[in-house]
2 protein chains.
Amino acid sequence: MAEITSYKFRVEPQNVDFTLRASVSSIIDCMLNVAGEDAHKKGFGVDVLQGQSFTWVLSRLAVEVYRQPQQYDNIEVDTWVNEFNRLSSTRNFRMRLGDELLASGVSQWCMLNMESRQVVDMSVLKDVYERAMVAEESPISSPQRLRAIEPATTTSRPVVYSDIDFNRHVNTLRYIDLIFDALPLDLIEKNNGLRIDLNFIAEARYGDTLTVGCLSDDNVWQFEVSSDGGKVLCRAKIEFK
Amino acid sequence: MAEITSYKFRVEPQNVDFTLRASVSSIIDCMLNVAGEDAHKKGFGVDVLQGQSFTWVLSRLAVEVYRQPQQYDNIEVDTWVNEFNRLSSTRNFRMRLGDELLASGVSQWCMLNMESRQVVDMSVLKDVYERAMVAEESPISSPQRLRAIEPATTTSRPVVYSDIDFNRHVNTLRYIDLIFDALPLDLIEKNNGLRIDLNFIAEARYGDTLTVGCLSDDNVWQFEVSSDGGKVLCRAKIEFK
(Lines give C-alpha, C1' and ligand atoms only; values in the text may rest on other atoms or scores of the structure.)
Protein backbone atom coordinates (compact mmCIF):
# COMPACT_ATOMS: atom_id res chain seq x y z
CA MET A 1 0.00 0.00 0.00
CA ALA A 2 1.16 3.53 -0.79
CA GLU A 3 0.19 7.13 0.00
CA ILE A 4 -1.46 9.82 -2.13
CA THR A 5 1.24 11.79 -3.98
CA SER A 6 1.03 15.53 -4.70
CA TYR A 7 2.55 17.60 -7.50
CA LYS A 8 2.86 21.40 -7.56
CA PHE A 9 2.20 23.60 -10.61
CA ARG A 10 1.84 27.25 -11.46
CA VAL A 11 -0.91 28.24 -13.90
CA GLU A 12 1.11 29.73 -16.78
CA PRO A 13 -0.09 32.19 -19.46
CA GLN A 14 -0.28 29.36 -22.01
CA ASN A 15 -2.75 27.48 -19.74
CA VAL A 16 -5.39 30.20 -19.53
CA ASP A 17 -8.16 31.08 -21.97
CA PHE A 18 -9.69 34.47 -22.79
CA THR A 19 -11.25 34.61 -19.31
CA LEU A 20 -7.71 34.41 -17.81
CA ARG A 21 -8.72 31.18 -16.06
CA ALA A 22 -7.12 27.79 -16.79
CA SER A 23 -9.10 26.18 -19.62
CA VAL A 24 -10.74 22.81 -18.94
CA SER A 25 -8.40 21.39 -21.57
CA SER A 26 -5.34 22.62 -19.65
CA ILE A 27 -6.76 21.28 -16.35
CA ILE A 28 -7.08 17.85 -17.98
CA ASP A 29 -3.63 18.24 -19.57
CA CYS A 30 -2.20 18.88 -16.10
CA MET A 31 -3.90 15.76 -14.69
CA LEU A 32 -2.63 13.58 -17.55
CA ASN A 33 0.92 14.89 -17.11
CA VAL A 34 0.70 14.05 -13.42
CA ALA A 35 -0.46 10.53 -14.37
CA GLY A 36 2.62 10.11 -16.58
CA GLU A 37 5.03 11.48 -13.99
CA ASP A 38 3.56 9.47 -11.09
CA ALA A 39 3.54 6.21 -13.10
CA HIS A 40 7.19 6.88 -13.97
CA LYS A 41 8.09 7.46 -10.29
CA LYS A 42 6.28 4.31 -9.18
CA GLY A 43 8.04 2.10 -11.72
CA PHE A 44 5.33 1.56 -14.34
CA GLY A 45 5.80 4.57 -16.64
CA VAL A 46 5.85 4.43 -20.43
CA ASP A 47 9.66 4.31 -20.27
CA VAL A 48 9.52 0.90 -18.53
CA LEU A 49 6.63 -0.38 -20.66
CA GLN A 50 8.30 0.56 -23.93
CA GLY A 51 11.05 -1.96 -23.22
CA GLN A 52 8.35 -4.62 -23.78
CA SER A 53 6.65 -2.72 -26.66
CA PHE A 54 3.74 -1.90 -24.31
CA THR A 55 2.18 1.50 -23.69
CA TRP A 56 -0.58 3.06 -21.58
CA VAL A 57 -3.81 4.02 -23.34
CA LEU A 58 -6.42 6.26 -21.71
CA SER A 59 -9.81 4.64 -22.27
CA ARG A 60 -12.21 6.72 -20.16
CA LEU A 61 -12.02 9.93 -18.15
CA ALA A 62 -14.44 11.90 -15.97
CA VAL A 63 -13.53 15.35 -14.65
CA GLU A 64 -15.60 17.67 -12.48
CA VAL A 65 -14.44 21.28 -12.43
CA TYR A 66 -15.75 23.36 -9.52
CA ARG A 67 -13.69 26.51 -10.10
CA GLN A 68 -11.05 27.16 -12.76
CA PRO A 69 -7.79 28.52 -11.25
CA GLN A 70 -6.48 31.92 -12.40
CA GLN A 71 -3.25 32.74 -14.21
CA TYR A 72 -0.20 32.41 -11.89
CA ASP A 73 -2.16 30.51 -9.20
CA ASN A 74 0.04 27.95 -7.45
CA ILE A 75 -1.98 24.76 -7.50
CA GLU A 76 -1.42 21.18 -6.32
CA VAL A 77 -2.60 17.95 -7.89
CA ASP A 78 -3.05 14.85 -5.71
CA THR A 79 -3.05 11.51 -7.48
CA TRP A 80 -3.54 7.88 -6.51
CA VAL A 81 -4.32 4.50 -8.07
CA ASN A 82 -7.06 2.58 -6.22
CA GLU A 83 -8.19 -0.15 -8.59
CA PHE A 84 -6.51 -2.51 -10.95
CA ASN A 85 -7.54 -5.69 -12.71
CA ARG A 86 -6.39 -7.62 -15.76
CA LEU A 87 -7.88 -5.14 -18.22
CA SER A 88 -8.08 -1.75 -16.54
CA SER A 89 -6.45 0.46 -13.94
CA THR A 90 -8.05 3.45 -12.19
CA ARG A 91 -6.12 6.62 -11.35
CA ASN A 92 -7.69 9.52 -9.44
CA PHE A 93 -6.95 13.23 -9.22
CA ARG A 94 -7.77 16.17 -6.97
CA MET A 95 -6.66 19.66 -8.05
CA ARG A 96 -6.39 22.10 -5.15
CA LEU A 97 -5.55 25.74 -4.41
CA GLY A 98 -4.46 25.39 -0.79
CA ASP A 99 -7.45 23.68 0.84
CA GLU A 100 -9.95 24.65 -1.85
CA LEU A 101 -10.91 21.79 -4.14
CA LEU A 102 -10.87 23.11 -7.73
CA ALA A 103 -11.41 19.91 -9.74
CA SER A 104 -11.59 16.13 -9.38
CA GLY A 105 -10.91 13.40 -11.90
CA VAL A 106 -11.13 9.64 -12.43
CA SER A 107 -9.24 8.03 -15.31
CA GLN A 108 -9.28 4.44 -16.58
CA TRP A 109 -6.32 3.06 -18.46
CA CYS A 110 -5.51 -0.10 -20.32
CA MET A 111 -2.18 -1.45 -21.54
CA LEU A 112 -1.60 -1.90 -25.26
CA ASN A 113 0.92 -3.96 -27.18
CA MET A 114 2.19 -1.41 -29.69
CA GLU A 115 3.14 -4.08 -32.23
CA SER A 116 -0.03 -6.21 -32.23
CA ARG A 117 -2.26 -3.22 -31.18
CA GLN A 118 -3.91 -5.69 -28.75
CA VAL A 119 -4.81 -5.07 -25.11
CA VAL A 120 -2.30 -6.63 -22.69
CA ASP A 121 -3.24 -8.59 -19.53
CA MET A 122 -1.99 -6.31 -16.74
CA SER A 123 -1.24 -9.23 -14.40
CA VAL A 124 2.34 -8.83 -15.66
CA LEU A 125 2.56 -5.66 -13.53
CA LYS A 126 0.79 -7.14 -10.48
CA ASP A 127 3.67 -6.87 -8.00
CA VAL A 128 4.75 -3.33 -8.80
CA TYR A 129 1.12 -2.24 -9.01
CA GLU A 130 0.11 -3.67 -5.65
CA ARG A 131 2.84 -1.67 -3.97
CA ALA A 132 1.45 1.51 -5.59
CA MET A 133 -2.24 1.03 -4.65
CA VAL A 134 -3.81 3.54 -2.22
CA ALA A 135 -6.77 2.71 0.04
CA GLU A 136 -8.74 5.87 -0.81
CA GLU A 137 -12.02 6.01 -2.75
CA SER A 138 -12.34 7.81 -6.08
CA PRO A 139 -13.37 11.46 -5.53
CA ILE A 140 -16.26 11.34 -8.06
CA SER A 141 -18.29 8.64 -9.82
CA SER A 142 -16.55 6.61 -12.55
CA PRO A 143 -16.57 7.79 -16.18
CA GLN A 144 -19.87 6.93 -17.88
CA ARG A 145 -20.11 4.67 -20.91
CA LEU A 146 -21.39 7.03 -23.63
CA ARG A 147 -23.70 5.94 -26.45
CA ALA A 148 -23.86 7.08 -30.07
CA ILE A 149 -25.67 10.36 -30.77
CA GLU A 150 -27.52 11.80 -33.78
CA PRO A 151 -25.62 15.10 -34.11
CA ALA A 152 -27.60 18.28 -34.80
CA THR A 153 -24.48 20.06 -36.15
CA THR A 154 -21.12 18.88 -37.49
CA THR A 155 -17.80 20.53 -38.40
CA SER A 156 -14.78 18.95 -40.08
CA ARG A 157 -11.08 19.65 -40.45
CA PRO A 158 -7.97 17.67 -41.40
CA VAL A 159 -5.49 16.32 -38.82
CA VAL A 160 -2.45 18.62 -38.84
CA TYR A 161 1.14 18.54 -37.56
CA SER A 162 0.35 20.32 -34.28
CA ASP A 163 -2.30 17.64 -33.47
CA ILE A 164 -0.08 14.57 -33.46
CA ASP A 165 1.98 12.79 -30.81
CA PHE A 166 5.04 10.57 -31.17
CA ASN A 167 2.88 7.73 -32.56
CA ARG A 168 1.59 10.18 -35.21
CA HIS A 169 -1.85 9.76 -33.62
CA VAL A 170 -3.99 12.73 -32.65
CA ASN A 171 -3.08 13.82 -29.12
CA THR A 172 -5.82 13.17 -26.52
CA LEU A 173 -5.91 16.87 -25.63
CA ARG A 174 -6.89 17.82 -29.17
CA TYR A 175 -10.23 15.99 -28.86
CA ILE A 176 -10.96 18.09 -25.79
CA ASP A 177 -9.96 21.29 -27.63
CA LEU A 178 -12.19 20.31 -30.59
CA ILE A 179 -15.11 19.71 -28.24
CA PHE A 180 -14.74 23.01 -26.37
CA ASP A 181 -14.20 24.86 -29.68
CA ALA A 182 -17.66 23.60 -30.72
CA LEU A 183 -19.37 25.17 -27.66
CA PRO A 184 -20.89 28.67 -27.69
CA LEU A 185 -18.30 31.11 -26.30
CA ASP A 186 -20.65 32.58 -23.68
CA LEU A 187 -21.20 29.13 -22.13
CA ILE A 188 -17.43 28.90 -21.53
CA GLU A 189 -17.25 32.49 -20.30
CA LYS A 190 -20.05 31.99 -17.77
CA ASN A 191 -18.99 28.48 -16.75
CA ASN A 192 -19.58 28.04 -13.05
CA GLY A 193 -18.91 24.33 -12.76
CA LEU A 194 -19.23 21.32 -15.06
CA ARG A 195 -18.69 17.59 -15.38
CA ILE A 196 -17.19 16.07 -18.52
CA ASP A 197 -17.21 12.34 -19.34
CA LEU A 198 -14.97 11.12 -22.13
CA ASN A 199 -14.68 7.74 -23.91
CA PHE A 200 -11.64 7.24 -26.13
CA ILE A 201 -12.46 4.56 -28.70
CA ALA A 202 -10.02 4.71 -31.61
CA GLU A 203 -7.11 6.81 -32.84
CA ALA A 204 -6.88 9.21 -35.78
CA ARG A 205 -3.72 9.60 -37.82
CA TYR A 206 -2.04 12.35 -39.81
CA GLY A 207 -3.90 12.63 -43.12
CA ASP A 208 -7.34 11.72 -41.67
CA THR A 209 -10.21 14.20 -41.51
CA LEU A 210 -11.81 14.81 -38.11
CA THR A 211 -15.56 15.43 -37.84
CA VAL A 212 -17.09 16.77 -34.62
CA GLY A 213 -20.81 16.09 -34.19
CA CYS A 214 -22.70 17.95 -31.47
CA LEU A 215 -26.12 17.61 -29.85
CA SER A 216 -27.35 19.82 -27.00
CA ASP A 217 -30.33 19.74 -24.69
CA ASP A 218 -30.56 22.49 -22.09
CA ASN A 219 -27.34 22.28 -20.00
CA VAL A 220 -26.18 18.93 -21.42
CA TRP A 221 -23.92 18.83 -24.49
CA GLN A 222 -22.96 15.59 -26.23
CA PHE A 223 -20.20 15.13 -28.80
CA GLU A 224 -18.93 12.44 -31.13
CA VAL A 225 -15.61 12.86 -32.92
CA SER A 226 -15.17 10.59 -35.95
CA SER A 227 -12.73 10.20 -38.84
CA ASP A 228 -12.96 9.03 -42.44
CA GLY A 229 -15.72 6.49 -43.09
CA GLY A 230 -17.55 7.45 -39.88
CA LYS A 231 -15.06 5.63 -37.62
CA VAL A 232 -15.85 6.80 -34.06
CA LEU A 233 -12.78 8.10 -32.21
CA CYS A 234 -14.11 9.76 -29.09
CA ARG A 235 -17.42 10.51 -27.36
CA ALA A 236 -17.98 13.18 -24.74
CA LYS A 237 -20.75 14.55 -22.57
CA ILE A 238 -20.57 17.85 -20.72
CA GLU A 239 -23.08 18.79 -18.07
CA PHE A 240 -22.99 22.44 -16.98
CA LYS A 241 -24.15 23.42 -13.51
CA MET B 1 22.79 49.34 -17.20
CA ALA B 2 21.74 45.81 -16.26
CA GLU B 3 22.93 42.24 -16.75
CA ILE B 4 21.62 39.42 -18.93
CA THR B 5 18.98 37.46 -16.99
CA SER B 6 18.50 33.69 -17.30
CA TYR B 7 15.41 31.55 -16.78
CA LYS B 8 15.33 27.76 -16.36
CA PHE B 9 12.79 25.42 -17.97
CA ARG B 10 12.22 21.73 -18.47
CA VAL B 11 10.95 20.56 -21.86
CA GLU B 12 7.58 19.02 -20.93
CA PRO B 13 5.58 16.41 -22.90
CA GLN B 14 3.18 19.14 -24.10
CA ASN B 15 6.13 21.05 -25.66
CA VAL B 16 7.33 18.26 -27.96
CA ASP B 17 6.07 17.21 -31.36
CA PHE B 18 5.93 13.74 -32.94
CA THR B 19 9.75 13.70 -33.16
CA LEU B 20 9.89 14.07 -29.33
CA ARG B 21 11.79 17.34 -29.79
CA ALA B 22 10.44 20.72 -28.69
CA SER B 23 8.46 22.17 -31.61
CA VAL B 24 9.60 25.52 -33.03
CA SER B 25 6.26 26.89 -31.84
CA SER B 26 7.01 25.83 -28.24
CA ILE B 27 10.56 27.26 -28.46
CA ILE B 28 9.04 30.61 -29.48
CA ASP B 29 6.35 30.26 -26.80
CA CYS B 30 9.09 29.79 -24.22
CA MET B 31 10.94 32.93 -25.42
CA LEU B 32 7.74 35.01 -25.34
CA ASN B 33 6.92 33.81 -21.82
CA VAL B 34 10.43 34.80 -20.75
CA ALA B 35 9.85 38.24 -22.30
CA GLY B 36 6.67 38.65 -20.24
CA GLU B 37 8.26 37.47 -17.01
CA ASP B 38 11.44 39.53 -17.44
CA ALA B 39 9.48 42.71 -18.30
CA HIS B 40 7.38 42.10 -15.19
CA LYS B 41 10.51 41.68 -13.01
CA LYS B 42 12.10 44.84 -14.40
CA GLY B 43 9.03 46.96 -13.76
CA PHE B 44 7.53 47.34 -17.24
CA GLY B 45 5.31 44.24 -17.51
CA VAL B 46 1.75 44.24 -18.82
CA ASP B 47 0.53 44.45 -15.21
CA VAL B 48 2.12 47.92 -14.85
CA LEU B 49 1.12 49.04 -18.35
CA GLN B 50 -2.50 48.00 -17.93
CA GLY B 51 -2.91 50.63 -15.21
CA GLN B 52 -2.53 53.17 -18.03
CA SER B 53 -4.54 51.11 -20.59
CA PHE B 54 -1.29 50.34 -22.43
CA THR B 55 -0.06 46.93 -23.52
CA TRP B 56 2.93 45.37 -25.29
CA VAL B 57 2.49 44.27 -28.88
CA LEU B 58 5.00 42.04 -30.65
CA SER B 59 5.63 43.54 -34.08
CA ARG B 60 8.53 41.48 -35.48
CA LEU B 61 10.43 38.37 -34.47
CA ALA B 62 13.38 36.43 -35.87
CA VAL B 63 14.39 33.06 -34.42
CA GLU B 64 17.22 30.78 -35.50
CA VAL B 65 16.95 27.20 -34.25
CA TYR B 66 20.19 25.21 -34.35
CA ARG B 67 18.99 22.10 -32.51
CA GLN B 68 15.59 21.42 -30.96
CA PRO B 69 15.87 20.20 -27.33
CA GLN B 70 14.44 16.81 -26.39
CA GLN B 71 11.62 16.00 -23.98
CA TYR B 72 12.69 16.50 -20.31
CA ASP B 73 15.86 18.45 -21.26
CA ASN B 74 16.64 21.14 -18.69
CA ILE B 75 17.21 24.28 -20.72
CA GLU B 76 18.02 27.90 -19.93
CA VAL B 77 16.88 31.04 -21.72
CA ASP B 78 18.99 34.22 -21.48
CA THR B 79 17.24 37.48 -22.25
CA TRP B 80 18.22 41.13 -22.51
CA VAL B 81 16.93 44.41 -23.92
CA ASN B 82 19.59 46.33 -25.90
CA GLU B 83 17.70 48.92 -27.91
CA PHE B 84 14.83 51.23 -27.26
CA ASN B 85 13.45 54.31 -29.00
CA ARG B 86 10.15 56.13 -29.06
CA LEU B 87 8.46 53.50 -31.23
CA SER B 88 10.19 50.20 -30.70
CA SER B 89 12.10 48.15 -28.15
CA THR B 90 14.39 45.18 -28.92
CA ARG B 91 14.57 42.11 -26.68
CA ASN B 92 17.00 39.26 -27.35
CA PHE B 93 17.05 35.57 -26.44
CA ARG B 94 19.52 32.72 -26.29
CA MET B 95 18.23 29.22 -25.50
CA ARG B 96 20.91 26.90 -24.12
CA LEU B 97 21.39 23.32 -22.92
CA GLY B 98 24.38 23.82 -20.65
CA ASP B 99 26.91 25.53 -22.91
CA GLU B 100 25.33 24.38 -26.18
CA LEU B 101 23.44 27.12 -27.99
CA LEU B 102 20.11 25.67 -29.17
CA ALA B 103 18.34 28.77 -30.51
CA SER B 104 18.64 32.56 -30.71
CA GLY B 105 15.97 35.20 -31.07
CA VAL B 106 15.45 38.92 -31.62
CA SER B 107 12.04 40.48 -30.94
CA GLN B 108 10.76 44.00 -31.58
CA TRP B 109 7.90 45.37 -29.52
CA CYS B 110 5.76 48.47 -29.56
CA MET B 111 3.42 49.84 -26.94
CA LEU B 112 -0.27 50.15 -27.73
CA ASN B 113 -3.03 52.20 -26.13
CA MET B 114 -5.75 49.57 -25.75
CA GLU B 115 -8.55 52.15 -25.88
CA SER B 116 -7.48 54.20 -28.92
CA ARG B 117 -5.61 51.21 -30.51
CA GLN B 118 -2.83 53.72 -31.29
CA VAL B 119 0.93 53.23 -30.80
CA VAL B 120 2.24 54.97 -27.66
CA ASP B 121 5.46 57.01 -27.50
CA MET B 122 7.67 54.89 -25.24
CA SER B 123 9.52 57.91 -23.83
CA VAL B 124 7.08 57.56 -20.91
CA LEU B 125 9.06 54.48 -19.82
CA LYS B 126 12.50 56.03 -20.46
CA ASP B 127 13.78 55.95 -16.88
CA VAL B 128 12.76 52.41 -16.01
CA TYR B 129 13.90 51.22 -19.45
CA GLU B 130 17.34 52.77 -19.24
CA ARG B 131 17.99 50.91 -16.02
CA ALA B 132 17.08 47.62 -17.78
CA MET B 133 19.27 48.07 -20.90
CA VAL B 134 22.17 45.62 -21.40
CA ALA B 135 25.31 46.45 -23.41
CA GLU B 136 25.31 43.23 -25.42
CA GLU B 137 24.70 42.91 -29.16
CA SER B 138 21.75 40.98 -30.58
CA PRO B 139 22.73 37.33 -31.20
CA ILE B 140 21.40 37.27 -34.80
CA SER B 141 20.40 39.84 -37.43
CA SER B 142 17.18 41.80 -36.85
CA PRO B 143 13.84 40.47 -38.11
CA GLN B 144 13.39 41.17 -41.83
CA ARG B 145 10.58 43.29 -43.21
CA LEU B 146 8.56 40.79 -45.28
CA ARG B 147 6.74 41.69 -48.47
CA ALA B 148 3.43 40.40 -49.85
CA ILE B 149 3.51 37.05 -51.67
CA GLU B 150 1.40 35.44 -54.39
CA PRO B 151 0.52 32.19 -52.60
CA ALA B 152 0.66 28.93 -54.56
CA THR B 153 -1.66 27.18 -52.07
CA THR B 154 -4.15 28.40 -49.44
CA THR B 155 -6.12 26.79 -46.62
CA SER B 156 -8.81 28.40 -44.45
CA ARG B 157 -10.46 27.78 -41.11
CA PRO B 158 -12.51 29.81 -38.61
CA VAL B 159 -11.02 31.33 -35.44
CA VAL B 160 -12.07 29.12 -32.51
CA TYR B 161 -12.16 29.36 -28.71
CA SER B 162 -8.76 27.70 -28.22
CA ASP B 163 -7.13 30.32 -30.50
CA ILE B 164 -7.99 33.44 -28.55
CA ASP B 165 -6.30 35.38 -25.75
CA PHE B 166 -7.79 37.67 -23.12
CA ASN B 167 -8.40 40.40 -25.75
CA ARG B 168 -10.34 37.81 -27.79
CA HIS B 169 -7.66 38.20 -30.46
CA VAL B 170 -5.90 35.21 -32.00
CA ASN B 171 -2.89 34.30 -29.84
CA THR B 172 0.48 34.98 -31.52
CA LEU B 173 1.45 31.32 -31.14
CA ARG B 174 -1.48 30.20 -33.26
CA TYR B 175 -0.04 31.94 -36.34
CA ILE B 176 3.14 29.96 -35.85
CA ASP B 177 1.15 26.71 -35.45
CA LEU B 178 -0.84 27.51 -38.61
CA ILE B 179 2.38 28.11 -40.53
CA PHE B 180 4.08 24.91 -39.38
CA ASP B 181 0.85 22.94 -39.98
CA ALA B 182 1.08 24.07 -43.63
CA LEU B 183 4.58 22.58 -44.08
CA PRO B 184 5.20 19.04 -45.36
CA LEU B 185 5.65 16.73 -42.36
CA ASP B 186 8.96 15.30 -43.57
CA LEU B 187 10.52 18.79 -43.67
CA ILE B 188 9.72 19.14 -39.94
CA GLU B 189 10.89 15.61 -39.19
CA LYS B 190 14.24 16.14 -40.95
CA ASN B 191 14.74 19.71 -39.72
CA ASN B 192 18.38 20.28 -39.00
CA GLY B 193 18.31 24.02 -38.41
CA LEU B 194 16.20 26.92 -39.64
CA ARG B 195 15.60 30.64 -39.41
CA ILE B 196 12.09 32.08 -39.17
CA ASP B 197 11.24 35.78 -39.64
CA LEU B 198 7.79 36.94 -38.58
CA ASN B 199 5.94 40.25 -39.08
CA PHE B 200 2.76 40.75 -37.04
CA ILE B 201 0.59 43.29 -38.83
CA ALA B 202 -3.00 43.09 -37.58
CA GLU B 203 -5.12 41.03 -35.21
CA ALA B 204 -7.88 38.52 -35.96
CA ARG B 205 -10.91 38.14 -33.71
CA TYR B 206 -13.29 35.37 -32.73
CA GLY B 207 -15.70 34.89 -35.63
CA ASP B 208 -13.15 35.77 -38.36
CA THR B 209 -11.91 33.22 -40.88
CA LEU B 210 -8.14 32.70 -41.14
CA THR B 211 -6.55 31.97 -44.52
CA VAL B 212 -2.96 30.73 -44.75
CA GLY B 213 -1.25 31.31 -48.11
CA CYS B 214 2.02 29.52 -48.83
CA LEU B 215 4.73 29.83 -51.46
CA SER B 216 7.90 27.72 -51.51
CA ASP B 217 11.10 27.80 -53.49
CA ASP B 218 13.69 25.14 -52.67
CA ASN B 219 14.49 25.53 -48.94
CA VAL B 220 12.65 28.86 -48.49
CA TRP B 221 8.98 28.89 -47.46
CA GLN B 222 6.93 32.09 -47.32
CA PHE B 223 3.54 32.53 -45.66
CA GLU B 224 0.84 35.15 -45.41
CA VAL B 225 -2.01 34.75 -42.93
CA SER B 226 -5.06 36.90 -43.69
CA SER B 227 -8.63 37.25 -42.45
CA ASP B 228 -11.94 38.26 -43.99
CA GLY B 229 -11.62 40.71 -46.90
CA GLY B 230 -7.96 39.81 -47.43
CA LYS B 231 -6.79 41.79 -44.37
CA VAL B 232 -3.15 40.75 -43.81
CA LEU B 233 -2.48 39.60 -40.23
CA CYS B 234 0.94 38.04 -40.31
CA ARG B 235 3.76 37.27 -42.74
CA ALA B 236 6.48 34.69 -42.23
CA LYS B 237 9.54 33.35 -44.00
CA ILE B 238 11.28 30.11 -43.05
CA GLU B 239 14.68 29.21 -44.40
CA PHE B 240 15.77 25.63 -43.80
CA LYS B 241 19.46 24.74 -43.62
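Residues numbered from 1 in each chain as written. Chains lettered and ligands numbered in written order. Predicted model: local features only at pLDDT ≥ 70, side-chain atom pairs only at ≥ 80, totals over all residues.

(A) Representation of the interface of chain A and chain B. In this assembly, 24 residues from chain A lie in contact with 24 residues from chain B. Among the secondary structure elements, those contributing two or more residues to the side of chain A that touches chain B are helix H1 (24-42), helix H4 (172-181) and helix H5 (185-189) of chain A. When residues in the side of chain A that touches chain B are grouped by element, the largest group, four residues, is from H1 of chain A. (Contact = placed C-beta atoms within 7 Å. Helix = DSSP H or I, 4+ residues; strand = E, 2+ residues; numbered from the N terminus.)

(B) Region of the structure containing the relation of the copies chain A and chain B. At an RMSD of 0.0 Å, chain A and chain B line up after a rotation of 180 degrees and a shift of 0.0 Å along the axis. These values place the two chain copies in the arrangement generated by a two-fold rotation axis. Closest approach to the rotation axis within chain A is made by the C-alpha atom of Arg-157 of chain A, at a distance of 4.1 Å. When the interface residues of chain A are mapped onto chain B, 100% of them again fall at the interface, so both copies present the same face. (Least-squares fit on C-alpha atoms with pLDDT ≥ 70 in both.)

(C) Up close: the pairing of strand E7 (residues 153-158) of chain B. All names here are of chain B. In terms of burial, E7 is a largely surface element, zero of the six residues being buried. Pairing analysis gives six bridges linking E7 to strand E9 (residues 209-217), with the strands arranged antiparallel. Note that in E9 the partner of Ser-156 across the bridge is Thr-211. (Buried ≥ 20, exposed ≤ 12 C-beta atoms within 10 Å, placed from the backbone. Pairing = 2+ DSSP bridges.)

(D) Here's a closer look at the domain arrangement of chain A. Residue and element names in this part refer to chain A. If you check the domain split of chain A, you get domain 1 (5-132) and domain 2 (153-240). Of all the secondary-structure elements, those providing two or more residues to the side of domain 1 that touches domain 2 are H1 and strand E2 (54-65). Counting residues per element, the side of domain 1 that touches domain 2 draws most heavily on E2, at eight residues. Here the residues of the side of domain 1 that touches domain 2 sort into nine nonpolar, three polar and three charged. (Domains from an automatic or database assignment. Nonpolar A, V, L, I, M, F, W, Y, C, P; charged D, E, K, R; others polar.)

(E) Structural detail: the packing of helix H1 (residues 24-42) of chain B against helix H4 (residues 172-181) of chain B. All names here are of chain B. Where H1 contacts H4, the axes come no closer than 9 Å and their chain directions differ by 165 degrees. Between H1 and H4, the angle is such that the two are roughly antiparallel. Here the hand of the crossing between H1 and H4 comes out right-handed. Contacts between H1 and H4 involve Val-24, Ser-25, Ile-28, Asp-29 and Leu-32 from the former and Thr-172, Leu-173, Ile-176, Asp-177 and Phe-180 from the latter. The class makeup of the residues in the contact of H1 with H4 is six nonpolar, two polar and two charged. (Axes fitted to C-alpha atoms, helices over the stretch in contact; angles between N-to-C directions. Parallel < 35°, antiparallel > 145°, perpendicular 65-115°, else oblique. Left-handed = near helix turned anticlockwise from the far one by under 90°.)

(F) Geometry of H4 of chain B. Residues and elements named next belong to chain B. Where burial is concerned, most of H4 is hidden: eight out of the 10 residues are buried. Among all positions of H4, only Arg-174, Tyr-175, Ile-176, Asp-177, Leu-178, Ile-179, Phe-180 and Asp-181 are buried. Buried residues belonging to H4 abut H1, helix H5 (185-189), E9, strand E10 (220-227) and strand E11 (231-240).

(G) A look at the sheet that holds strand E1 (residues 5-10) of chain A. Residues and elements named next belong to chain A. Strand order in the open sheet formed by 10 strands is E1-E3-E4-E5-E2-E7-E10-E9-E8-E6, with antiparallel pairing between adjacent strands. Looking at which strands have only one partner, the edges of the open sheet turn out to be E1 and strand E6 (153-158). In this sheet, adjacent strand axes meet at a mean angle of 20 degrees when their direction is disregarded. In this structure, strand E3 (residues 74-84) lies alongside strand E4 (residues 89-97), joined through eight bridges in antiparallel fashion. Within the sheet, the bridge partner assigned to Val-81 lies in E4 and is Arg-91. Where H1 meets the sheet, its contacts fall on E1, E2, E3, E4, strand E5 (100-113) and strand E7 (194-200), and the angle it forms with E3 comes to roughly 60 degrees.

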